[in-house]
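These are the residues of each chain, in order.
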Amino acid sequence: MAQIDNILDKIKRRFEAEGFKQQRKRMEEDYSLYRMNPYDAGEGFQSYTSNTPRVLADKIMAYLTTSSMVVRVPNEGKDEKLRIVGSNKEKWVIGALNLADERLLRMGQPNIREQLSFHIALRGHFAGRSVLNTRPDGSAYVDITAWDPLHVIYEMDDEGISWIAHRRKRTKESIKAIYNMDVSAPEQEAEEQGIDVWDYYDREINCIIIDAGGPKFAKKPTPHNVVIQGMPCAPCFVGVVGPQPYVQGDLSSEYTSREYGESVFAANRELFEDYNFAMSSMKTLISRATRHPYVVTSPDGSATLETDPWRDGTEVDLPSNTTIDLLPEITMPANTNDYVGLIASELQRGGLPNVAYGELQFQLSGYAANLLRSGAEHQVQPRIYALESAYQQISELLLAQYSTGDYGTMEMRGKYNELKKWFMGPISPDDIAEGGPIEIALKPQMPQDDPQKVTMAQMMREGPNPLAPDVWIWDNILDVQDVEDFKKEINAQAGETLDPKAVMINVVQALMAKGQQQEAMVYLDMLRKAMKKEQQEETAMDVQFQAMMQQFGMTGQGPDQAGQAPPQPNAPQEMPPEGPPGVNAAVVSNEAQGF
């Protein structure tokens, strides 16, 4: 069994490493920008604090939280049975994510996507655990918990996470309530800083350590038995934002780990300060202009004003030979606006263009607007990839645990595919076995993306020789999750309008559902007449066809097939049913015969 001192020692050594400390320092500085901590321009200045950092981060979070998620098991070339298994697997993942969000909602917390989006945007990292747990009654529930990367420490090897730990500060009272443990710690330290509680996972065990007055196990090392592809693994997920790998310096003494996994403020940290200073200077001069500096001149130089000359209606008594003169007005340098404009343009390049916030100073063409919107990709797309990675890891961990069968059969519910079909029901581990790998894709809802995709899809299928089959267009252009179900719905919709009788049936059903039975009877009578008319026309056509065959000396029986044995002379012959006079009933339709 793992020793508590060894585990805690390993955690603290890693946590206090200089590289991780620099990384945490950068996270704290970025969060102060997001909080809009007041900027201090210095003594004698009116300080100005821009809201640009918070608006930028909130906009990026909005792109992440509103993006559409596609959960898919590839089904190309598979039979119907495997397609159903893949569909069950997709529904299970969607249902598991919904159950986890419902649990967080009951706890008064944002859902898992909102929490991950916050950390991805502001920290540049994401981490958490993804486990199935059981309640005292034996029922299973989904526990997806996002951890603040500021308080996460981990170690990797060639197989992934070797171990990972998350720290949370708790009071003595909360430790007593949650873990039923009394801890000893200096009262002032416990109240001001909180007590460190470490949630530790490695590939074999999970334990909870309380570091106060000597470490104690709040949860003793317990095997979690999580295995993926035959290899034990920690049921946790972790990742960073951006394409930059972990870079180690050589001659420089800088800690490059600080830039590993960057926030949305990476390109603008220094510019925010420059912009705040420029705006503070302008604010100061504007403030001075409303209360213009003045000088009082008297013979002996000792005269002062007893009242405020800038207050409305104030009368100022002046001694003889005493004057009040305004000092020359101080203005900003002539090129100040150019300087502020350069800073603002660089803030756009490092963040998001103003058009992303809906700011259009003049009318733009569709092409120009799309070109400006493309300036958001460098901020949005790396974070979309990070969020996809988080959900991919979460889904694979949950599926690996559920496939063991240790958690019984879970009741899943949610909305499935583009048609938003509601599903609710049990899905057992056997229902999702051999369903293929799960794929998670997120599509940010960028302005005008949907009309462009629809136009492209329509252009690719127009004309006598379409550029691509409908199935490919639905899958790759429109990002349809369940292509087969989508196709069935389109065919069913076409079937409701191709034949006038089908339209009348739908009308009758709608009228009956609204209680308008008399109106429904009118359409039922029209339907009866239409079907009778078609039956009569088909009978006449059958008679005409039989007459043509007799005219050319042909019978309705057709020639014997090669190799077919002739009928036995003594075998009883079945008489064909009677048809209309002069017509061989063997070639008359069932309707013509009265069936």
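One can find the structure itself at the top, above this paragraph.
I will try to describe carefully the structure that is included in this document. None of the values given here were measured: they were computed from a predicted structure.

### Let's talk about the pattern of salt bridges
- What the rule picks out here adds up to 20 salt bridges.
- Across the salt bridge formed by Asp-58 and Arg-54, the nearest N and O atoms sit 3.8 Å from each other. With Asp-58 and Arg-54 both in helix α3 (residues 52-66), this residue pair falls four residues apart, about one helical turn.
- Overall, Asp-58 belongs to the partly exposed group, its relative accessible area being 32%.
- On the accessibility criterion, Arg-54 (31% relative accessible area) is partly exposed.
- Connected via shared salt-bridge partners are Arg-26, Asp-30, Glu-262 and Arg-269.

### Side note on the packing of helix α15 (residues 500-513) against helix α16 (residues 517-551)
- Direction vectors running N to C along α15 and α16 enclose 160°, while the axes themselves pass 9 Å from each other. As far as their axial angle goes, α16 and α15 are roughly antiparallel. The interaxial crossing formed by α15 with α16 has left-handed handedness. Along its contact with α15, which presents Lys-501, Met-504, Ile-505, Val-507, Val-508, Leu-511 and Met-512, the element α16 presents Gln-517, Glu-519, Ala-520, Tyr-523, Leu-524, Met-526, Leu-527, Ala-530, Met-531 and Glu-534.
- Residue classes in the contact of α15 with α16 are distributed as 13 nonpolar, one polar and three charged.

### Observations concerning the nonpolar core
- Among the nonpolar cores identified, the biggest contains 63 residues, and Trp-92, Leu-116, Val-142, Ile-144 and Met-410 are the most heavily contacted of them.
- Ranked by residues supplied to this core, first place goes to helix α11 (residues 377-402) with 10 residues.
- Apart from residues lying up to four places away in sequence, Trp-92 is in contact with Leu-398, Leu-399, Tyr-402, Met-410, Met-412, Ile-427 and Ile-432.
- Counting residues in each nonpolar core, the second largest holds 14 residues, with Ile-11, Ile-205, Cys-207 and Ile-209 among its members.

### Digging into the sheet that holds strand β11 (residues 236-240)
- One open sheet holds the three strands; their spatial order is β3-β2-β11, and the pairing between them is antiparallel. Edge strands, defined here as strands with exactly one partner in the open sheet, are β3 (140-147) and β11. This sheet shows a mean twist of 15° between the axes of neighbouring strands, independent of strand direction.
- Of the pairings in the sheet, the one linking strand β2 (residues 125-134) to β11 comprises five bridges and is antiparallel in character. Bridging across to β11, Gly-128 finds its partner in Phe-237.
- The strands touched by α11 are β2, β3 and β11; relative to β2, the strand with the most contacts, the crossing angle is about 20°.

### Regarding unusual backbone geometry
- The backbone of Met-36 shows a phi angle near 60°, a positive value even though the residue is not glycine.
- For Met-36, the location among the structural elements is in the loop between α2 (18-34) and α3.
- One non-glycine residue with positive phi stands out, namely Gln-229, at about 55°.
- Its place among the elements puts Gln-229 in the loop between β9 (227-228) and β10 (231-232).
- Relative accessible area serves as the criterion here: at 79%, Gln-229 is assigned to the exposed category.

### As for the packing of aromatic side chains
- Counted according to the given criterion, the structure contains 13 aromatic pairs.
- The rings of Tyr-31, Tyr-34 and Phe-118 are connected pair by pair, giving a single aromatic cluster.
- Above the face of the Tyr-63 ring, Lys-59 is positioned so that its terminal group lies 5.5 Å from the ring centre.
- Stacked on the ring of Tyr-31, the Lys or Arg Arg-123 has its end atom at 5.6 Å from the ring centre.

### Section: the pairing of strand β7 (residues 205-211)
- Here β7 lies mainly inside the structure; seven of its seven residues are buried.
- By the alternation rule, side chains of β7 split into Ile-205, Cys-207, Ile-209 and Asp-211 and Asn-206, Ile-208 and Ile-210, which are all buried.
- Direction of pairing for strand β6 (residues 195-202) relative to β7: antiparallel, over a ladder of six bridges. Looking at the pairing, Tyr-201 lines up with Asn-206 of β7.
- Counting the residues that bridge the hairpin from β6 to β7 gives two residues.
- Between β7 and strand β8 (residues 215-223), which pair antiparallel in sequence order, lie three residues; one of them, Gly-213, sits at a positive phi of approximately 60°.

### Some details on helix α6 (residues 172-179)
- What α6 keeps buried is the set Ser-174, Ile-175 and Tyr-179. Around the axis of α6, the buried residues are gathered within 100° of arc, so they sit on the same side.
- Among the residues trailing α6, Asn-180 stands out with phi positive, at a value near 55°.

### Notes on a nonpolar patch on the surface
- Taken together, the side chains of Tyr-294, Trp-310, Leu-318, Ile-324 and Leu-326 define a hydrophobic patch exposed on the protein surface, amounting to about 440 Å² of accessible area.
- Mapping Ile-324 onto the fold places it in strand β13 (residues 323-326).

### Digging into the side chain of Gln-379
- Here Gln-379 lies in helix α11.
- At a separation of 2.8 Å, a polar atom in the side chain of Gln-379 contacts the main-chain carbonyl oxygen of Gly-350.
- When sequence neighbours within four positions are dropped, the list of residues in contact with Gln-379 reads Ile-60, Val-264, Gly-350, Gly-351 and Leu-352.

### So, the sheet that holds strand β4 (residues 152-157)
- Read from one edge to the other, the open sheet built from five strands follows the order β4-β5-β6-β7-β8, with strand pairing classed as antiparallel. Each edge of the sheet is formed by a strand with only one pairing partner; in this case those strands are β4 and β8. Pairwise comparison of adjacent strand axes, ignoring direction, gives a mean angle of 10° for this sheet.
- Here α6 sits on the sheet and contacts β5 (160-170), β6, β7 and β8; the angle it forms with β5, its principal contact strand, is near 120°.

### As for the state of the cysteines
- Taken as a whole and assessed by the stated rule, the structure comprises zero disulfides.
- No disulfide involves Cys-236; its sulfur sits 9.0 Å from that of Cys-233, the nearest cysteine.
- On the basis of relative accessibility, which here comes to 4%, the residue Cys-236 falls in the buried class.

### A closer look at the packing of helix α4 (residues 80-106) against α11
- Packing of α4 against α11 brings their axes to within 11 Å, and their N-to-C directions diverge by 105°. In this view, α4 runs roughly perpendicular relative to α11, as classed from their interaxial angle. Contacts between α4 and α11 involve Lys-89, Trp-92, Val-93, Ala-96 and Leu-97 from the former and Tyr-391, Ile-394, Ser-395, Leu-398, Leu-399 and Tyr-402 from the latter.

### A word on the environment of Ala-530
- Residue placement: Ala-530 occurs in helix α16.
- The exposure class assigned to Ala-530 is partly exposed, which follows from its relative accessible area of 24%.

### Here we look at the side chain of Asp-30
- By the element assignment, Asp-30 lies in helix α2.
- The class of Asp-30 is buried, set by a relative accessible area of 0%.
- Within polar-contact distance, the side chain of Asp-30 engages the side chain of Arg-269 at 2.7 Å.
- Not counting residues within four places of it along the chain, the set of residues in contact with Asp-30 comprises Leu-122, Ser-263, Phe-265 and Arg-269.

Conventions we followed
Residues numbered from 1 in each chain as written. Predicted model: local features only at pLDDT ≥ 70, side-chain atom pairs only at ≥ 80, totals over all residues. Heavy atoms only, no water. Salt bridge = Lys/Arg side-chain N within 4 Å of Asp/Glu carboxyl O. Helix = DSSP H or I, 4+ residues; strand = E, 2+ residues; numbered from the N terminus. Buried < 20%, exposed > 50% of the residue type's maximum accessible area, 1.4 Å probe, protein only. Axes fitted to C-alpha atoms, helices over the stretch in contact; angles between N-to-C directions. Parallel < 35°, antiparallel > 145°, perpendicular 65-115°, else oblique. Left-handed = near helix turned anticlockwise from the far one by under 90°. Contact = heavy atoms within 4.5 Å. Nonpolar A, V, L, I, M, F, W, Y, C, P; charged D, E, K, R; others polar. Core = buried A, V, L, I, M, F, W, Y, C linked by side-chain atoms within 4.5 Å. Pairing = 2+ DSSP bridges. Phe/Tyr/Trp six-rings, centres within 6.5 Å; stacked < 30°, edge-to-face > 60°. Lys NZ or Arg CZ within 6 Å of the ring centre and 35° of its normal. Arc of directions from axis to C-beta. Patch = residues over 30% accessible without salt bridge, like charges linked within 9 Å, V, L, I, M, F, W, Y side chains within 5 Å. Areas by Shrake-Rupley, 256 points an atom, 1.4 Å probe, with all protein chains shown as cover. Polar contact = N/O pair within 3.5 Å; in protein donor to acceptor, adjacent residues only side chain to side chain. Disulfide = S-S within 2.5 Å.

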